[in-house]
Amino acid sequence: MDRCARRCRSPLGQAARSIYQLVAGSLSPDSVEDEFELCTVCHRPEGLEQLQEQTKFTRKELQVLYRGFKNECPSGMVNEENFKQIYSQFFPQGDSSTYATFLFNAFDTNHDGCVSFEDFVAGLSVILRGTIDDRLNWAFNLYDLNKDGCITKEEMLDIMKSIYDMMGKYTYPALREEAPREHVESFFQKMDRNKDGVVTIEEFIESCQKDENIMRSMQLFDNVI
Amino acid sequence: MAAGVAAWLPFARAAAIGWMPVANCPMPLAPTDKNKRQDELIILNVSGRRFQTWRTTLERYPDTLLGSTEKEFFFNEDTKEYFFDRDPEVFRCVLNFYRTGKLHYPRYECISAYDDELAFYGILPEIIGDCCYEEYKDRKRENAERLMDDNDSENNQESMPSLSFRQTMWRAFENPHTSTLALVFYYVTGFFIAVSVITNVVETVPCGTVPGSKELPCGERYSVAFFCLDTACVMIFTVEYLLRLFAAPSRYRFIRSVMSIIDVVAIMPYYIGLVMTNNEDVSGAFVTLRVFRVFRIFKFSRHSQGLRILGYTLKSCASELGFLLFSLTMAIIIFATVMFYAEKGSSASKFTSIPASFWYTIVTMTTLGYGDMVPTIAGKIFGSICSLSGVLVIALPVPVIVSNFSRIYHQNQRADKRRAQKKARLARIRVAKTGSSNAYLHSKRNGLLNEALELTGTPEEEHMGKTTSLIESQHHHLLHCLEKTTNHEFIDEQMFEQNCMESSMQNYPSTRSPSLSSHPGLTTTCCSRRSKKTTHLPNSNLPATRLRSMQELSTIHIQGSEQPSLTTSRSSLNLKADDGLRPNCKTSQITTAIISIPTPPALTPEGESRPPPASPGPNTNIPSIASNVVKVSAL
C-alpha cells in the first residue's frame, strides 16, 4: 500500500486504488526475506596451539587477529558479501567488489563459499610471514582465476580492470578505457618469456625475481603486523 | 573509514600483494610504527563506575574525545585511570559505539541530556543506527516544538515593530488573538456569517397571509428588508475577502486555497443576481444559484478548529469511504435486479424498472423502510434477505473504516518520516564517504608540504604532519600504493570538474563565448560546482579528461575513435607518450608546475591521443595535444 500511495496522488487515483484493493484484497503479504542459505552455523576455529603450529604468527598476533575477525563476523565465517563489504570500506572512491571477489576466491582454499578463520590466517601467514617465493606463489594463485596453472591475457585483464575499478572516477589523469589493456600488454611483455601468450608459474617467479621494484615491494609486507 | 574494520586493515594491506607484480613503479615506503606498544587495557572511570577496554578500540575514532589525545586531559596520575565526571548510563552507549560501530539511543534517556553527552564526547548524533534513529528524531522534534512553543508564547507578549503593515494584517487574520482589533474583526465576521445563514433559512419560511393571495414566504413579503440584509452581509464578506487577498504573502496560493474558493462561491450568487435581475428567462437558473449561498456556513470553519479537523479526516479516509460506496452500489444493483425480476410477474407493482427498484433497495438496506414501494410474496423473500444483508453491509465497513483510518493515518505519517529521513541518511553517508576520501587527499597535501619542507631542510616541521594516527597513515599508504600501481592519482570531485572545464575551455578557444553558450549542458553540469583555483596540483589539461566528461554530459556524441595512425604533426607526441609511463614513474614528486597547452585552432574529428606525461621538472611546456571529439549535443 505504501507503493501505491506514492503513485496515486489524485483522489481519482485513490478511488481506483481502493477499487483495486477491493478486488484484489487489501492484505499486503509480508515480504519476509528468507534468503539465509549462507553459512549461519557458528564455526569455532581450532585451538591457538594448532594455529600457532600451522602459521607463523605468534600467540599475541593470533589473538589480535581473531578479535578483529570475530568482531566483524560473529558467526566465525565470512561469506563473499561480507567480505566485499569489509573490503569496500577501505576504498571509498572506487568499486572494489571485483577485486574482493578474486581475493575471496584466493583465500577460500577449499572453495566452500566461506572463509573461516583458519583460511584467513593461513593466507595472511603466507603473505606476511612467508618467504618471497611463497608470496609470489600466492600472488600467482590470485591471478590464476581458474586455477589451471597459467595466467592468460583474459584473466590478467580481469584482474587489471578490477584494480583500476578501485580507483573510481575522480582520478588524475582521468582513466581511459584502454588503460588496463595497455597495462596487461606491458605486464605480458615483461613476464612472458617464451611469448606463448600465457604466463606459467616458473616464468612468473623468474621474471619477478629479476625485477628490482617487485622484490623491494614484496618486502613491504614484512612489518604489516 | 568505519571503526570495526580498523582491525581488518592488516588484511587489506596484505591483500595489496595482488598489486605488486603488476605495478611498474616502486611502491612508497610504509609508515613505521615508531612506538610499537602492545595493545593494552585502559580503565575509564566515569563517576565511579569503571569501564575497561583496549586502547585500540578507542583509537578507532580518532576525531572523538576518547579516540584522540584529548582524553589525556582527564588522566588521573594517582590511580592511572581516565576519570570523567559524567553520566555513566549514557557512557555505556558511547563505549558500545566504539566497540560495535553502532550508536544506540536508549529510550528511557532524556533527549537533551543525551545530546549533551554526545557533544561532550565529540560524537555526531547522525551516526545513530537505523534501529534507534527514528525514535531519536521523534523525540528531538518534540523537544524542538516544545522549545518553539515556549519561544512563541514569549514572543507573543512582546510587540514586534519590525513587521510591515501587510504582515501584521495577515497575522491578524490568521491568529485572532494577536490583537484586539483582530478579535473584533473575527467576531464581527462570525456574526455576519450567522446572520446570513439565518436569513437564508428564514427567507423560505411561510410568513402569514396577505389578504387576497396565498401564503407567502417571508422572503417575498419583506423582500426589501431581506435584500438589505443580504447586501450588508455580502459587503462585509467582499471587504473581508479583498483584505485577505491584499494581505496574503502569496496571493496565488491564497487564491487556490479551499477557504478562498468557499468565500468566492459564497458571494458570487449575489453579484450574479445583481447582473441578471432584468432577465426573466434565466430567473430559474438564478434561483438555483441561490442555493450556493448555503456555502457561507462553511466559512465557519475558519472559526472552528473542529470543523477543520473533520474536513481533514474525511479527506484522508476518502478511499475507505469510496470502498463503502462501491460495496453499497454493488449490493444495491444486485438486489434491485433480483427484486425487479421477482416482481415482474405481479401486475400492479411499483417496480417498473431496475432503476426504480434502486430506491426500494436503498431504503430497505439502510433500514429506513418508507413503505412507498412494497413487494408481493415472491419479492418479500428477497426483500427480507435484502434488509438483513443491508444491516451487515452498512454496519461492517464502519468500524473497519474507523480503524483503517487511524492505522493508515499513522502509517502514512511514519512512511513519510522514513522517506524524508532516507534522503537525509543517504546524504550523510555520502558526506562521510567523501570525508574519508577527503582525509586521504588532505593528508596527501600535507605530505607534499612535508616533502617540500624536508627539501628545504627544516626537520622540526616534519612533526606537523604526523598528526594522523598510525591506522590512518597505514590506510593512506595503502591508497598510495594503489595509485602507484595504476599510475593514476586520486583527486577530489571539484578538481576533476575543474580539469574538465579547463580542458573544455582550452579546446574551444576562438569561439569561446558562443561555443560555451551553445553547449550549456557542458558548462552547467560540468562546472555546476566551480571551485576556486587551487594551485597545489598540476593543471595540465587532458583531453582525455574532457572526453570522459563529454561522455557523461552530452546526449549524442560522436567519439573520435581510437586511431593509432595520427597525423604527422603529432608523431613526436606519440613517441613521447609511449614512454610517458616511464618518466611518470621515475619521479615520485608531484610538481606544482602549471603546464600550459597551446590550443588547437580547428575542431576536426581526429583520433584520441594518449595522455601527456607528467612533467619531470618544473615549468615545462608540453606540446599541443589536439584531441577533439565532435559532439552533437542534443541541446
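An unreviewed UniProt entry annotates chain B as Potassium voltage-gated channel subfamily D member 3 originating from Cavia porcellus.

The name that an unreviewed UniProt entry assigns to chain A is Potassium voltage-gated channel interacting protein 2, with the source organism given as Cavia porcellus. Heading Subcellular location (unreviewed entry) of the UniProt record for chain A holds this comment: "Cell membrane".

## Some remarks on the sheet that holds strand E4 (residues 81-84) of chain B
All names here are of chain B. Spatially, four strands are ordered E2-E1-E4-E3 in an open sheet, and the strand pairing comes out mixed. One side of each edge strand has no neighbouring strand; the edge strands of this open sheet are strand E2 (49-54) and strand E3 (75-76). With three bridges joining them, strand E1 (residues 41-46) and E4 adopt parallel strand pairing. In the sheet register, Asn-45 faces E4, and the bridge partner there is Phe-83.

## Quick look at the packing of aromatic side chains
Residues and elements named next belong to chain B. Under the defined criterion, the tally for this structure stands at 50 aromatic pairs over all chains. Aromatic pair Phe-97 and Tyr-98: ring centres 5.7 Å apart, planes at 65°, arrangement edge-to-face. The class of Phe-97 is buried, set by a relative accessible area of 1%. With 5.5 Å between their ring centres and 75° between their planes, Phe-191 and Phe-192 make a pair best called edge-to-face. With relative accessibility at 52%, the residue Phe-191 sits in the exposed group. For Arg-86, the ring lying beneath its charged end belongs to Phe-120, and the centroid distance is 4.0 Å. The side chain of Arg-428 reaches across the aromatic face of Tyr-133, ending 5.0 Å from its centre.

## Some remarks on the pattern of salt bridges
All names here are of chain B. According to the stated counting rule, one finds 26 salt bridges over all chains in the structure shown. The residue Arg-139 makes a salt bridge to Glu-135 at a minimum N-O spacing of 3.3 Å. Remark: Glu-135 and Arg-139 occur in helix H5 (residues 130-157); sequence separation between them is four residues, near one turn of the helix. Judged by its relative accessible area of 22%, Arg-139 is partly exposed. Residue Arg-293 is joined to Asp-230 by a salt bridge in which the shortest nitrogen-to-oxygen separation is 3.3 Å. Of this pair, Arg-293 sits in the loop between helix H12 (283-289) and helix H13 (305-316) while Asp-230 is found in helix H9 (residues 223-247), placing the two residues 63 residues apart along the sequence. Across the pair, exposure class does not vary: Arg-293 and Asp-230 are buried alike. Shared partners join several salt bridges into a network, and the residues in it are Glu-240, Arg-244, Asp-263, Lys-299 and Arg-302.

## Points about the pairing of E4 of chain B
Residues and elements named next belong to chain B. With two bridges joining them, E3 and E4 adopt antiparallel strand pairing. In the sheet register, Asn-76 faces E4, and the bridge partner there is Glu-81. Between E3 and E4, which pair antiparallel in sequence order, lie four residues; one of them, Lys-80, sits at a positive phi of approximately 55°.

## Describing the interface of chain B and chain A
Counting residues at the interface gives 73 residues for chain B and 68 residues for chain A. Buried area between chain B and chain A, summed over both chains or domains, comes out near 6,400 Å², and the portion from carbon and sulfur atoms is 67%. It is Trp-8, Phe-11 and Ile-17 of chain B that lose the most area in chain B upon contact with chain A, and together they represent 12% of the buried surface on that side. Where chain B packs against chain A, one counts zero salt bridges.

## Some details on the UniProt feature "domain: EF-hand" (unreviewed entry) in chain A
Residues and elements named next belong to chain A. The UniProt record annotates "domain: EF-hand" (unreviewed entry) at residues 95-130, 131-166 and 179-214. Between the end C-alpha atoms of residues 95-130 there is a gap of 29 Å, over a span that is 67% helix and 8% strand. Taken end to end, residues 131-166 comprises 69% helix and 8% strand; its first and last C-alpha atoms sit 28 Å apart.

## Things to note about the confidence of the model for chain A
All names here are of chain A. Taken residue by residue, chain A gives an average pLDDT of 81. The fraction at 70 or more is 86%. Of all secondary-structure elements in chain A, the lowest mean pLDDT belongs to helix H1 (residues 2-7), at 51, while helix H6 (residues 97-107) reaches the highest, 91. Across residues 26-39, where pLDDT falls below 50, the model places five contacts with residues more than four positions away in sequence or in other chains.

## Re unusual backbone geometry
Cis geometry is found at the peptide bond from Tyr-172 of chain A to Pro-173 of chain A, where omega equals -10°. Structurally, the position occupied by Pro-173 of chain A is in the loop between strand E4 (171-172) and helix H10 (179-191). Despite not being glycine, Lys-147 of chain A shows a phi value in the positive range, around 55°. Structurally, the position occupied by Lys-147 of chain A is in the loop between helix H8 (132-143) and strand E3 (150-152). The exposure class of Lys-147 of chain A is partly exposed, given its relative accessible area of 32%. Here Thr-367 of chain B, not a glycine, exhibits a phi torsion of approximately 55°, which is positive. Tracing the chain through its elements places Thr-367 of chain B in the loop between helix H15 (354-365) and helix H16 (377-395).

## Thoughts on the UniProt feature "transmembrane region" (unreviewed entry) in chain B
Residue and element names in this part refer to chain B. UniProt annotation of "transmembrane region" (unreviewed entry) refers to residues 181-202, 222-242, 254-272, 321-342, 354-371 and 377-402 when read in the numbering used here. Within residues 254-272, the helical portion is 95% and the strand portion 0%, while the C-alpha atoms at the span's ends are 23 Å from each other. Taken as a whole, residues 354-371 contains 67% helix and 0% strand, while its terminal C-alpha atoms sit 18 Å from one another.

## Section: the environment of His-476 of chain B
Residues and elements named next belong to chain B. Relative to the helices and strands, His-476 resides in helix H18 (residues 470-486). When its relative accessible area of 9% is taken as the criterion, His-476 is described as buried. In this view, His-476 contacts Ala-439, Tyr-440 and Ser-443; residues no more than four positions away in its chain are not counted.

## Considering the nonpolar core
For soluble globular proteins, nonpolar side chains are generally found buried alongside one another. Tyr-87, Leu-103, Phe-107, Phe-120, Met-156 and Phe-204 of chain A together with Trp-19 of chain B are the most contacted members of the largest nonpolar core, which totals 77 residues. When residues of this core are assigned to their parent elements, the largest contribution, seven residues, is made by H6 of chain A. Composition of this core by domain shows at least three residues from each of domain 1 (46-129) and domain 2 (132-224) of chain A. Aside from chain neighbours lying at most four places away, what touches Phe-107 of chain A is Phe-83, Val-115, Asp-119, Phe-120, Gly-123, Leu-124, Ile-127 and Trp-138 of chain A together with Phe-11 of chain B. The next biggest cluster of nonpolar side chains, apart from the first, holds 27 residues, and it includes Val-46, Phe-51, Phe-97 and Leu-118 of chain B.

## As for the side chain of His-477 of chain B
Assignment of secondary structure puts His-477 of chain B in helix H18. Judged by relative accessible area, which is 10%, His-477 of chain B ranks as buried. Among the polar contacts made by the side chain of His-477 of chain B, one reaches the main-chain carbonyl oxygen of Leu-29 of chain B at a distance of 3.4 Å. The contacts of His-477 of chain B, once residues within four sequence positions are left out, are Leu-220 of chain A together with Arg-13, Pro-28, Leu-29, Ala-30 and Pro-31 of chain B.

## Focus: the packing of helix H3 (residues 88-100) of chain B against helix H4 (residues 111-121) of chain B
All names here are of chain B. Two elements in contact, H3 and H4, have axes separated by 10 Å at closest approach and are oriented at 55°. The orientation of H3 with respect to H4, classified from their angle, is oblique. Judged by the twist between their axes, the crossing of H3 over H4 is right-handed. Mapping the contact onto sequence places Val-90, Phe-91 and Val-94 in H3 and Tyr-114, Glu-117, Leu-118 and Tyr-121 in H4. Tallied by class, residues from the contact of H3 with H4 come to six nonpolar, no polar and one charged.

## What to know about the pairing of E1 of chain B
Residues and elements named next belong to chain B. One ladder, built from six bridges, connects E1 with E2; its direction is antiparallel. Pairing of Leu-41 across the sheet is with Trp-54, part of E2. Where E1 hands over to E2, the hairpin turn is made up of two residues, of which Ser-47 adopts a positive phi near 50°.

## Description of the environment of Asn-438 of chain B
Residues and elements named next belong to chain B. When you line up the elements, Asn-438 lands in helix H17 (residues 397-455). Among the residues examined, Asn-438 registers a relative accessible area of 36% and is labelled partly exposed. Residues Asn-438 and Glu-493, spaced 55 residues apart in sequence, show a C-alpha to C-alpha distance of 9.9 Å.

The rules behind the values
Residues numbered from 1 in each chain as written. Chains lettered and ligands numbered in written order. Predicted model: local features only at pLDDT ≥ 70, side-chain atom pairs only at ≥ 80, totals over all residues. Heavy atoms only, no water. UniProt positions renumbered as here; feature names shortened; annotations may be inferred. Pairing = 2+ DSSP bridges. Helix = DSSP H or I, 4+ residues; strand = E, 2+ residues; numbered from the N terminus. Phe/Tyr/Trp six-rings, centres within 6.5 Å; stacked < 30°, edge-to-face > 60°. Buried < 20%, exposed > 50% of the residue type's maximum accessible area, 1.4 Å probe, protein only. Lys NZ or Arg CZ within 6 Å of the ring centre and 35° of its normal. Salt bridge = Lys/Arg side-chain N within 4 Å of Asp/Glu carboxyl O. Contact = heavy atoms within 4.5 Å. Buried area = accessible area lost by both parts, 1.4 Å probe. pLDDT = per-residue confidence, 0-100. Core = buried A, V, L, I, M, F, W, Y, C linked by side-chain atoms within 4.5 Å. Domains from an automatic or database assignment. Polar contact = N/O pair within 3.5 Å; in protein donor to acceptor, adjacent residues only side chain to side chain. Axes fitted to C-alpha atoms, helices over the stretch in contact; angles between N-to-C directions. Parallel < 35°, antiparallel > 145°, perpendicular 65-115°, else oblique. Left-handed = near helix turned anticlockwise from the far one by under 90°. Nonpolar A, V, L, I, M, F, W, Y, C, P; charged D, E, K, R; others polar.

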